[in-house]
2 protein chains.
Amino acid sequence: MAGVMSFAERVRAAAERNDSLLCVGLDPDLARFPAALRERGAGDPAGAIVAFNRAIVEATADLVCAYKPNLGFYLAYGLAGLEALVRTRELIPREIPTILDAKVNDIGHTAAAYATGYLDQFGFDAVTANPYLGTDGLEPFWRRADRGVLIICRTSNPGAGALQDVQVTRDGATAAPLNEIVARRIAEWAERWGAPGAVGAVVGATAPRELAAVRAILPDAPILVPGVGTQGGP
Amino acid sequence: MAGVMSFAERVRAAAERNDSLLCVGLDPDLARFPAALRERGAGDPAGAIVAFNRAIVEATADLVCAYKPNLGFYLAYGLAGLEALVRTRELIPREIPTILDAKVNDIGHTAAAYATGYLDQFGFDAVTANPYLGTDGLEPFWRRADRGVLIICRTSNPGAGALQDVQVTRDGATAAPLNEIVARRIAEWAERWGAPGAVGAVVGATAPRELAAVRAILPDAPILVPGVGTQGGP
């Protein structure tokens with residue numbers, strides 16, 4: 001596959017071109033749209049969402065290294081919302097990587113069906129994924145030379161710690177929080193499966209201590225840091 | 001909300017009516033359809049999938065306690081597949097509970113958007129969910145009197161153990177596998193949030209030892225046990 005850039009290389013190229021590490025979320029909420037678009041949304045939610053996203057993309061395409069639509073905000077509008085998601089993907093310039101924030105997690109053959117849907121049918125460059133189901137559910141996303149997967153280590157929400165921070169024993173004696181064990185698994189998966197440019201991590205901006213620990217374990221992987229701004233991250 | 005049956009009560013009623021604890025998956029794969037439907041699927045995937053599912057539902061509606069479409073198998077056909085999912089929900093008799101196997105997981109306000117999509121727009125009675133993000137991501141699914149959420153403890157796939165079986169310290173000394181900690185969290189959530197009929201668990205049939213441990217922790221909760229048959233479960 002000579003000549004094919006890995007997902008990490010594509011993000012790096014966009015970041016250098018635009019001198020930016022900013023990934024912009026595309027999370028439509030009709031109730032918060034300007035009045036004219038909100039009115040249009042009452043009868044044509046897909047059209048209103050696409051018009052809103054087009055304005056954001058046109059205003060920011062030279063300022064970002066990636067776009068990240070969040071699946072949930074499209075599903076909230078049913079089939080019309082999903083049509084808007086597909087049309088949103090199509091209006092993003094090809095040289096800017098796209099990450100579908102879908103927090104994928106399933107067993108092997110079902111994960112392959114998700115990969116067909118999100119990467120082939122919808123055409124996204126990468127997805128976010130939840131690690132709890134293990135290797136075989138993640139593999140369909142990192143085996144493509146130019147696509148990628150960003151795996152959740154530590155999220156930014158109030159309830160995150162209930163499981164992500166439980167203490168896991170290692171070597172029968174020492175302990176580490178589960179989110180660090182996840183980071184170590186990501187490092188193993190990236191090394192063992194030969195996909196160093198395809199596998200990254202997600203760590204919320206509200207967890208700076210955990211972010212530093214995960215960065216130490218994954219010095220070269222792409223790390224997505226959501227939550228700057230509205231969620232109170234620094 | 002007098003008169004509203006909880007999700008667990010609705011499953012129990014269907015199970016008693018049909019004398020069955022069987023939950024039938026609706027996981028369409030056009031490549032494995034009968035020839036005539038496969039041909040139809042080439043030009044009209046939504047129509048072929050709905051025809052296939054209608055035949056299954058008509059043949060089994062008096063033999064099951066629930067139906068469980070798996071989101072991934074619909075997403076693999078893009079927007080047409082999602083249209084088929086919505087039409088499949090509509091053809092299932094209202095007295096039989098439906099579980100969308102979507103393995104939902106996100107932070108609070110995004111989880112609320114997913115609940116709007118899966119429960120209101122698509123009309124499913126319950127979803128499967130991944131617990132890794134904690135309480136606030138699950139709450140939108142158990143706060144509705146007649147809906148529910150089935151939370152993954154231990155899955156049936158080869159890579160399941162990588163995280164689900166790591167040893168977590170408790171009380172500073174004793175240790176338990178993470179999937180048991182998840183079962184204990186589910187018990188706490190169901191008790192604290194007053195939703196005993198809305199919260200259940202998922203444990204793969206290929207993990208009978210883990211299933212027994214989870215059942216001991218959750219004696220009354222609905223437990224979904226996928227993997228009997230094709231995945232080699234007993």
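That block above? That's the structure.
So, here is what we can say about the structure in this document. (Residues numbered from 1 in each chain as written. Chains lettered and ligands numbered in written order. Predicted model: local features only at pLDDT ≥ 70, side-chain atom pairs only at ≥ 80, totals over all residues. Heavy atoms only, no water.)

1. Let's talk about unusual backbone geometry
All names here are of chain A. The phi angle at Lys103 is positive, at roughly 45°, despite the residue not being glycine. Looking at the secondary structure, you find Lys103 in strand 3 (residues 99–104). When its relative accessible area of 9% is taken as the criterion, Lys103 is described as buried. (Helix = DSSP H or I, 4+ residues; strand = E, 2+ residues; numbered from the N terminus. Buried < 20%, exposed > 50% of the residue type's maximum accessible area, 1.4 Å probe, protein only.)

2. Quick word on the packing of helix 2 (residues 35–43) of chain A against helix 3 (residues 45–60) of chain A
The contact between helix 2 of chain A and helix 3 of chain A brings their axes to 6 Å, and the two run at 145°. Two secondary-structure elements touch here, helix 2 of chain A through A:Leu37, A:Arg40, A:Gly41 and A:Gly43 and helix 3 of chain A through A:Pro45, A:Gly47, A:Ala48, A:Ala51 and A:Phe52. (Axes fitted to C-alpha atoms, helices over the stretch in contact; angles between N-to-C directions. Contact = heavy atoms within 4.5 Å.)

3. Observations concerning the nonpolar core
Grouped together as the largest cluster of nonpolar side chains are 158 residues, with contacts concentrated most on A:Tyr118 and B:Tyr118. Residues within four places of B:Tyr118 in sequence aside, it is in contact with A:Leu75, B:Leu71, B:Leu100, B:Ala102, B:Val104, B:Gly123, B:Phe124 and B:Val127. (Core = buried A, V, L, I, M, F, W, Y, C linked by side-chain atoms within 4.5 Å.)

4. Let's talk about empty space enclosed by the protein
Once rolled over the atoms, a probe with the size of a water molecule shows which space is left empty. By the definition in use, this model includes 2 cavities of 30 Å³ or more. Of the pockets and cavities examined, the largest cavity occupies roughly 100 Å³. Lining the largest cavity are 14 residues, and of these A:Ala102, A:Lys103, B:Ala102, B:Lys103 and B:Tyr118 sit closest to its centre. Going through the elements one at a time, strand 3 and helix 6 (108–121) of chain A together with strand 3 (99–104) and helix 6 (108–121) of chain B are the ones with two or more residues in the lining of the largest cavity. (1 Å grid on protein atoms, 1.4 Å probe; cavity = no way out; pocket = protein on both sides within 12 Å on 5 of 7 lines; lining within 4 Å. Points joined across faces, edges and corners; volume = space filled by probe spheres on them.)

5. With respect to the packing of aromatic side chains
Counted under the stated rule, the structure contains 8 aromatic pairs over all chains. Ring plane angle 55° and centroid distance 6.2 Å describe the contact between B:Tyr118 and B:Phe122, whose orientation is recorded as tilted. Both residues of the pair, B:Tyr118 and B:Phe122, count as buried. With a centroid separation of 6.1 Å and an interplanar angle of 35°, the aromatic rings of B:Trp142 and B:Trp189 are classed as tilted. Highlighted residues: B:Trp142 in helix 7 (residues 135–142) and B:Trp189 in helix 9 (residues 178–192), separated in sequence by 47 residues. When its relative accessible area of 4% is taken as the criterion, B:Trp189 is described as buried. Taken together, the ring pairs in this structure connect A:Tyr114, A:Tyr118 and A:Phe122 into an aromatic cluster. (Phe/Tyr/Trp six-rings, centres within 6.5 Å; stacked < 30°, edge-to-face > 60°.)

6. Here we look at the sheet that holds strand 4 (residues 126–129) of chain B
All names here are of chain B. Strand order in the open sheet formed by 5 strands is 3-4-5-8-9, and the pairing between neighbours is parallel. Each edge of the sheet is formed by a strand with only one pairing partner; in this case those strands are strand 3 and strand 9 (223–224). Across 3 bridges, the pairing between strand 3 and strand 4 is parallel. Residue Leu100 lies in a different strand from strand 4, and its bridge partner there is Val127. Those strands touched by helix 10 (residues 208–217) are strand 5 (148–154), strand 8 (199–203) and strand 9, and its axis lies near 165° from that of strand 8. (Pairing = 2+ DSSP bridges.)

7. As for the pairing of strand 3 of chain B
All names here are of chain B. Burial within strand 3 is extensive, with 6 of its 6 residues counted as buried. The two faces of strand 3 match: Ile99, Asp101 and Lys103 on one face and Leu100, Ala102 and Val104 on the other face are all buried. This β-α-β element, strand 3 to helix 6 to strand 4, shows right-handed connectivity. (Right-handed = clockwise from strand over helix to strand, strands pointing away.)

8. Some words on the sheet that holds strand 8 (residues 199–203) of chain A
All names here are of chain A. Reading across from one edge, 3-4-5-8-9 is the order of the 5 strands in this open sheet, with parallel pairing throughout. Since the sheet does not close on itself, it has two edges, and those belong to strand 3 and strand 9 (223–224), each with one partner. Across the sheet, helix 9 (residues 178–192) lies against strand 5 (148–154) and strand 8, angled at about 160° from strand 5, the strand it touches most. Of the strands in this sheet, strand 5, strand 8 and strand 9 are in contact with helix 10 (residues 208–217), which crosses strand 8 at around 165°.

9. Focus: the interface of chain B and chain A
Opposite the 55 residues of chain B that make contact, chain A presents 55 residues. A buried area of about 4,500 Å², summed over both sides, lies between chain B and chain A, and 64% of it is on carbon and sulfur atoms. Inspection of the region where chain B meets chain A yields 2 salt bridges. B:Asp106 serves as the salt-bridge partner of A:Lys103, at 3.0 Å between the closest nitrogen and oxygen. On inspection of chain B and its partner chain A, the count reaches 25 residue pairs in polar contact (both at pLDDT 80 or more). The class makeup of the residues in the side of chain B that touches chain A is 28 nonpolar, 21 polar and 6 charged. (Buried area = accessible area lost by both parts, 1.4 Å probe. Salt bridge = Lys/Arg side-chain N within 4 Å of Asp/Glu carboxyl O. Polar contact = N/O pair within 3.5 Å; in protein donor to acceptor, adjacent residues only side chain to side chain. Nonpolar A, V, L, I, M, F, W, Y, C, P; charged D, E, K, R; others polar.)

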